[in-house]
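Chains, contacts and geometry: an overview
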Amino acid sequence: MLKIALEKEERRGCRLMAWWQGEGAARVLAEDDGVLLLERATGTRSLAAMARSGQDDEATRILCEATSRLHRHRAPLPPDLVPLTDWFEPLLEAQDQGGVIAEGRSVARELLERQQEIVVLHGDIHHENVLDAGPRGWIVIDPKGLLGDRAFDFVNILRDPDEATALAPGRFARQVEVIAEAAALDRTHLLRWTLAFASLSAVWILGDGDHPGLDLAVAELAAAALRS
């Protein structure tokens, strides 16, 4: 597969792909100024299809294991990683947004001031970014290249693979428990990051002129779970 990075964010992701050296991520076979030649994942399994067909728990566990494998990489750090404090600026500056977004903004401030287990973050873990590579197992692609609390990398699972699946009755509560166990995360800590990220995503979408129905719903689910 040939990937050509056209934006700064994509170039940062390319450098992170090279840094992983194929351990948990697609192998970089060649690299030249934002252009990557990547191994092709030729397996036939799809995590999105699994989640939609009664194997949601298994798909989530695979996502958690693939993510945790990436988090085992340590020093020296790759260049140009974006701290979560910078990533969350749109939410922190969105003073005109009330309701659950304001609640998420308050929680985000607290989380960012007291981050735990700082690691290199993929930044966009979801069902379509973790691919079946056959004998090599599951490998990730398309990272954002962030740095911060490892819990952040698991929250996007709760809003994917699509709105119908994410908002199916009982699904959110069930997958929170699966992620907390599979990723060895405190449930409350996971829920707080979920509320913060869903609020950030809602601000992004509002900035694009669209309605963030899914993200507002996920934020409300996280907020309700935190109050219960």
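Here, every reference points to the structure presented above.
Criteria and cut-off values
Residues numbered from 1 in each chain as written. Predicted model: local features only at pLDDT ≥ 70, side-chain atom pairs only at ≥ 80, totals over all residues. Heavy atoms only, no water. Axes fitted to C-alpha atoms, helices over the stretch in contact; angles between N-to-C directions. Helix = DSSP H or I, 4+ residues; strand = E, 2+ residues; numbered from the N terminus. Parallel < 35°, antiparallel > 145°, perpendicular 65-115°, else oblique. Left-handed = near helix turned anticlockwise from the far one by under 90°. Contact = heavy atoms within 4.5 Å. Nonpolar A, V, L, I, M, F, W, Y, C, P; charged D, E, K, R; others polar. 1 Å grid on protein atoms, 1.4 Å probe; cavity = no way out; pocket = protein on both sides within 12 Å on 5 of 7 lines; lining within 4 Å. Points joined across faces, edges and corners; volume = space filled by probe spheres on them. Polar contact = N/O pair within 3.5 Å; in protein donor to acceptor, adjacent residues only side chain to side chain. Pairing = 2+ DSSP bridges. Phe/Tyr/Trp six-rings, centres within 6.5 Å; stacked < 30°, edge-to-face > 60°. Buried < 20%, exposed > 50% of the residue type's maximum accessible area, 1.4 Å probe, protein only.

1. Some points on the packing of helix H8 (residues 171-182) against helix H9 (residues 187-207)
- Remark: H8 packs on H9, axes separated minimally by 9 Å, with the N-to-C direction vectors making an angle of 120°. By the angle between their directions, the pair H8 and H9 is classed as oblique. Crossing of H8 over H9 shows right-handed handedness. For the pair formed by H8 and H9, the contact residues are Phe 172, Val 176, Glu 177, Ile 179 and Ala 180 on the first element and Arg 187, Leu 190, Leu 191 and Thr 194 on the second.
- The residue inventory of the contact of H8 with H9, partitioned by class, reads six nonpolar, one polar and two charged.

2. Points about unusual backbone geometry
- Along the chain, Asp 160 connects to Pro 161 via a cis peptide bond; the corresponding omega equals 10°.
- Residue Asp 80 is not a glycine yet carries a positive backbone phi of 70°.
- Tracing the sequence through the fold places Asp 80 in the loop between helix H3 (56-71) and strand S4 (82-83).
- One non-glycine residue, Glu 117, lies in positive phi territory at about 45°.
- With respect to the helices and strands, Glu 117 occurs in the loop between helix H6 (99-113) and strand S5 (118-121).

3. Focus on empty space enclosed by the protein
- For the coordinates displayed, the defined rule picks out one cavity of 30 Å³ or more.
- Counted as a void, the largest cavity has a volume near 50 Å³.
- Gly 123, Asp 124, Ile 125, Phe 152, Asp 153, Val 155, Asn 156 and Phe 197 are the residues that line the largest cavity.
- For the lining of the largest cavity, the class distribution of residues is four nonpolar, two polar and two charged.

4. Regarding the side chain of Arg 150
- Relative to the assigned elements, Arg 150 resides in the loop between strand S8 (146-149) and helix H7 (163-166).
- In terms of polar contacts, Arg 150 uses its side chain to reach the backbone carbonyl oxygen of Ala 183, at 2.9 Å.
- Contacts of Arg 150, omitting those with residues within four sequence positions, involve His 71, Gln 116, Glu 117, Val 119, Leu 121, Ala 183, Ala 184 and Leu 185.

5. Thoughts on the sheet that holds S5
- With mixed pairing, three strands are arranged side by side in an open sheet as S4-S8-S5. The open sheet terminates on both sides in strands that have one partner only, identified here as S4 and S5.
- Where S4 meets S8, two bridges bridge the pair, whose relative direction is parallel. The residue bridging Pro 83 from the neighbouring strand is Leu 147, located in S8.

6. Points about the pairing of S8
- The sheet contact formed by S5 and S8 spans four bridges and is antiparallel. Of the residues in S8, the one forming a bridge with Val 120 is Leu 147.

7. Quick word on the packing of aromatic side chains
- Per the stated rule, a full pass over the model turns up six aromatic pairs.
- Measuring from centroid to centroid gives 6.0 Å for Phe 152 and Trp 193, while their planes differ by 75°, and the two rings are edge-to-face. With Phe 152 in the loop between S8 and H7 and Trp 193 in helix H9, the pair connects residues that are 41 residues apart, well separated along the chain.
- With relative accessibility at 0%, the residue Trp 193 sits in the buried group.
- Judged by centre distance (5.4 Å) and plane angle (90°), the rings of Phe 152 and Phe 197 are edge-to-face. A residue pair is termed long-range when its members are at least 10 positions apart, and Phe 152 in the loop between S8 and H7 and Phe 197 in helix H9 qualify at 45 residues.
- The exposure class of Phe 197 is buried, given its relative accessible area of 8%.
- Among the aromatic side chains, those forming a connected cluster through ring pairs are Trp 87, Phe 88, Phe 152, Trp 193, Phe 197 and Trp 204.

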